[in-house]
Structure formats: structure tokens, C-alpha cells
Amino acid sequence: MSAVLKKSTATALGRHALLIVGAALVVLPFLWMFTTSLQTRAETYSNTSIFPTSWHWENYAVAWQAAPFGQYYLNSLIMAVGIVSGHLVLDAFAAYAFARLRFPFKNAIFVLLLAALMVPTFVTIIPAYSLVAGFGWIDTYWGLIVPRLADVFGIILLRQYFVSIPSELEDAARIDGCSRIGTFFRIMVPLSMPAFATLAIFSFLFAWNDFLWPLLVTNSDELRTIQIGLAAFQGRYNTSWNYLMAGTITATVPSIIVFMFFQRALVRGIAASGLKD
Amino acid sequence: MMLSRTPRRPSTTSLRRGSAPLTQLHTELRSGRTRGRGGAPRYNREEVLTAALFLLPALAVLGTFVFYPIISAGYISLTSWNGFSPVKEFIGFDNYVRLAQDPAFWNSLMVTVLYAFGVCVLSIASGLTVALLLDAPLRGRGFYRGIYFLPAVTSSVAAAIVWRYMLDPSGFVNSVLEGIGIDGPDWLQNRWLALGSLTLLTVWKNVGLNAILYLTALQALPDGVFEAAQIDGASFTQRIRYMTIPLLAPMTFFVVVQALITSFQSFDLVYVLTGGGPQGGTEVLGMFMYQQAFRLSDFGYGTAIAFVTLFLVLGVTLVNWRASGSGRSPLR
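Residues numbered from 1 in each chain as written. Chains lettered and ligands numbered in written order. Predicted model: local features only at pLDDT ≥ 70, side-chain atom pairs only at ≥ 80, totals over all residues.

Explanation requested: the overall build of chain B in the structure shown.
Along its length, chain B carries 15 helices and two strands. Excluding contacts between residues fewer than 6 apart, the proportion of contacts in chain B whose partners are at least 24 apart in sequence is 69%. (Helix = DSSP H or I, 4+ residues; strand = E, 2+ residues; numbered from the N terminus. Contact = placed C-beta atoms within 7 Å.)

The structure is reproduced here in C-alpha cells:
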């Protein structure tokens, strides 16, 4: 008995040891980023400690003055809110139709959507860009948001969830005289909050971290999102690593906060995306 | 696979024979959904209208900015177009012929294939290792999961900037190497070291994602079989080699497809880490396309590159699907 217990304690310790080594490797770049952001420029070339040894918080102020990070933040936020609300509304309506309603070509349309998931962004990006340019949407919030108001991933995620809700609930409401739209808003939406939360986080992280599309459709600092601003900042402050790292932390903190608060919903979504296959 | 969940309509024959379950018959009659004489399904008009209303916004967006562009791209790849001129000169398959003769394309293809291969192998290895370590009643599991997942929520731009800094000749990596007496190289100025660094960066960024995918699959495996094998004297390595790995084949297929799509679509990480250099050493297909289309204003050529990428991804996925299909576990 005690031998078994000892053996399992030893295995657990071994697991912890290996997991900690791995975790240290994963975290190292973050720690390095943070430490550097608080150093003087001279220190960034001489100091090798991975933990902060000096605390020059003013680096952040300098970085924020050197580039309009406030404006970049605002732009990213506007774009993220637009895309997240678009996904929540448009994807949900479409998902409901696929989960509950009967209409011609339903399966064909759904398969077409699934197929679109396999198409690399590069294929669509040139025509989409010239379309947006034709609308006069370059360097506008429209150009950043409208083309990404709906996405296939969200439709699939929500449809999966809707299908798992017993349709008897809706049938009962229908018999009591509730309309289709009524049952959608009063039954499906309140019951599907976990799925909506998962989608909101995925969409937020996608929007906040997105790079290629905002890079193409924005030209001015007034419209640049945080990632584009950061890449441009890197070009100008190539060797001022302390300011550059302060800017990088600035751009990273919101997604880490969102992740910390909604980790469960995010993990659930990934598990679902793997299992659907 | 998902489509099979759609409730099946009872067939006319079963209705006539009166063998359909009462509830089905009831639903069918109530909503007036019966097959017409020609055998074609008749739909409830109100329901179809509601569906159209519900689908319209999403399909309008996806149709305009995804489906129309796919078709349009097919045509653009057959033209010579600078992206601004109203005239797209039709040149047939010239862009594709040019691609086949362009050494820069073959370089880019080779770089992408090596990169994709490295990312696939290391993603499976790292994801599976972390998942196996986490697959036990362990204190602080949520904490570890959170840590390993951090790189995935970080933007590619931020991640690549930090890595570039750490790989600087006077950066962190080389100062650690110096500490143990090794004179570190200039990582991002040698094409093979740069490609290796890019591969590791990509794997680092996705390790948490792959670990969660594998962990989900591991937790869905039946415990009993493993216990039986253990009682029969199968060692830990035997259980991993002959049970866990084959049983996880479907998830490995998913991980590989994800890794392939990630590496064939990779752009952000490359753009910031190396810009495609040195001397094209990390110029993956995404970067090559961006250069041709948006830097050199050769949109027809750029679109042709994108289409070749699409067919490569589809082809490799199909081969992989065939391969994993034959190796599918008997327990599922």
C-alpha cells in the first residue's frame, strides 16, 4: 500500500518537475519582455538578468508619447467591438436557421460554408481588398469591420450548441403561441449563453490580434490598429528595446486579461472544435 | 459528420404503412410538411421565409467578402493586373507557367514545405507530451494549462518582436550561450537558423492549443482498456506506443491539419521576425504572395500563388485524411 502511494507521489513529482521546466520555457519570453521594458537603454545591452533589476516605469510614458498608442487602442477596440457584435448577431441567426429550420438547399449551403474554412485567406484577400477599395472604404472603420461581420467558425460553433438543446422546449412555447423569432430570443439565446461567451472571446482575440487585413486597409495613424501601430513602432525604434518592449506589453495586456477572465469558455471552445471532427 | 445530426424526415412509405412513430407523424402533420406527389419535399412557406431572413445578413457578408472573392480570384489569376487599372488583361495560364519557371517560387515552396513539416512534427510531439503530463489528477492543472496557453492569446506581432530581440546577436539567447562558453551565431542572418527559429516560434505559440486538443481526446479514451492492459503486464512505453498513440490518431489528424493550415498561411510571424530574409530563407508562400501582389503590384501573379497554395493545402489534407483513415483505431 505505502509502496504504491510512494510510487504515485514520485510520479506526480516527476510530472510537476517536467511541467515546470516546460512552463518556464513558455513564460521566459514574457518575463524577458517585462524586464526589458523597465530598463534603461544602456541596461538593455548589458543586463542579462531575466528578473527586473530596475524599475523605469517612465519607459511606458515615453513609448506612449513616441507613438499614438491611445489612438491605436481606441481603433482596435472599435474594430473588436464591431466584429464581436457582428459575429454574435449574424452568426447566431444563421446558426439557428441551420439548427432548427427547414429550407431548400440547406445541406448544400452548409457544406459550402464548411468548404470555405479550408480556403486560405490569401485567396480571398486580393479581390476583397479591391472591392473595399472600390467602396472607398480604405482607411475607414467600415473597411476594418464590415468584411468580417460574419464568420463560418461562429456559425458552426453556435449551430452545434443549438442542436444540443431539446427542441421540446421550443415546441411547447410554439404551442403556447410564441413566434419563431420569439422562441429564438426567449429560449435559444438565454440557454446558449456559454456558447455565446466562447464565441465572443474567440472573436475578440481574433480581432485584437489580427494583422494582415488591417495592414492592407489602413494607411494613417488615425485608423491604425494596435498591432499595425506596434509593427510600425518597431520599424522606427528598432534598437530602443526598452521602449519597444513597453509598447509590446501595452499591445499584449488586453488579450491576456481577457484570457485570464474567460479561460474556461475558451478551453471549452477549443475542445469542441477538436471533437466536432 | 455534423450533418448527420439533422433530424431525418420519415419516408412516404413508412407513413403509408403507418409505422412512423406517433410523435414524428404529429410534427409532420402539424407543420404541414409532407412530400408532394412528385416525391419532392414541400416546405412550410413561413418557415422558409424565416430561414431566409435569418440567413440573409450572414450570407450577404460571406457572399460578398468570401465567396465572390474566391470566384473573382480565379479570374484575376488568369490576368495581368496591377491592382488599380480598370483593365485586367486576360493572359490565360501565363501566371501559372511563369510560377513554374520562377526560382523564387520554388525556393518559397521548399521553405514552406520544410517549415510545415517541422511545425507538424514538433506540434504533435510538444502537444502530446504536455497533454500526457497533464492527464492525471494533478494539483495546479488549471494553472499549467493557463501558462502553456499564454503564447496562443498573444498577437503574432508581439510574439515575433520579443523573439527577434531574444535572438539578437547580443540578445538573451546568445548571452546564455556565452555563459556556458559558446559563441552564439547571428540567428536571423543565417537562412537555416532563421527558418529553424521561425519553426520554433510557431510551435511555441501553438503548444497550448495542441495540448488542449490532445488532452480533450485523452480524457475521452476509455480507462478500462488501459487498466486491463496494465494488469496484463503492458509497460508504460508499450501502452503509449500501442494504445495511446493509435487511439489518438483522429486527433493527430486534426492537429496536423491545423498545423498545415497555420504554416501554409503563415504571414504575421514571418513579416515581423525576418521579413522573409535572409536571402529568401524564410520567404514562405504567404510572404512571397504579399511581396508580389502588394509590394510589386503584380496582383494577377499574387493570386496565382494563392491558388497554388489552396491546392497544396487541399491535396496534403486529402492525403493525410486517407492515411489516418486506414490507421483509424478499432475501438471507435
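What is the right way to look at the interface of chain B and chain A in this model?
Quite often, the size of an interface is put as the accessible area lost when its parts meet. Counting residues at the interface gives 76 residues for chain B and 69 residues for chain A. For the side of chain B that touches chain A, the element with the most residues is helix 3 (residues 45-76) of chain B, which contributes 18 residues. For the side of chain B that touches chain A, a count of residues per class yields 57 nonpolar, 15 polar and four charged. (Nonpolar A, V, L, I, M, F, W, Y, C, P; charged D, E, K, R; others polar.)

Any chance you could explain unusual backbone geometry here in plain terms?
For residues that are not glycine, phi is negative in most cases, and the peptide bond is trans in most cases. Geometrically, the link from Gly-277 of chain B to Pro-278 of chain B is a cis peptide bond, its omega value of -10 degrees lying close to zero. Looking at the secondary structure, you find Pro-278 of chain B in the loop between helix 13 (268-273) and helix 14 (285-295). Its identity as a non-glycine residue notwithstanding, Asp-139 of chain A has a phi of 65 degrees, on the positive side. Within the secondary structure, Asp-139 of chain A sits in the loop between helix 6 (121-134) and helix 7 (141-145). Although it is not a glycine, Gln-279 of chain B adopts a positive phi angle of roughly 45 degrees. Mapped onto the secondary structure, Gln-279 of chain B falls in the loop between helix 13 and helix 14.

When you look at the environment of Thr-154 of chain B in this model, what are you seeing that I'm missing?
Take Thr-154 of chain B: it is sitting in the loop between helix 6 (141-153) and helix 7 (156-166). Put simply, Thr-154 of chain B and Tyr-290 of chain B are 136 residues apart on the chain and 23 Å apart in space, counted from C-alpha to C-alpha.

Explain the confidence of the model for chain B to me, please; I cannot follow it from the model alone.
Any segment with low pLDDT has predicted coordinates that should not be analysed in fine detail. Residue and element names in this part refer to chain B. Per-residue confidence for chain B averages 82 on the pLDDT scale, and 85% of its residues sit at or above 70. For chain B, helix 1 (residues 12-16) is the element with the lowest average pLDDT, namely 35, and helix 5 (residues 103-134) is the one with the highest, namely 94. With pLDDT under 50 throughout, residues 1-38 is counted as low confidence; its partners more than four residues away or in other chains account for 25 contacts. This stretch, residues 326-332, has a pLDDT under 50; its non-local contacts, to residues over four places away or in other chains, come to nine contacts. Interface scoring of the predicted complex returns ipTM 0.87; its pTM is 0.84. (pLDDT = per-residue confidence, 0-100.)

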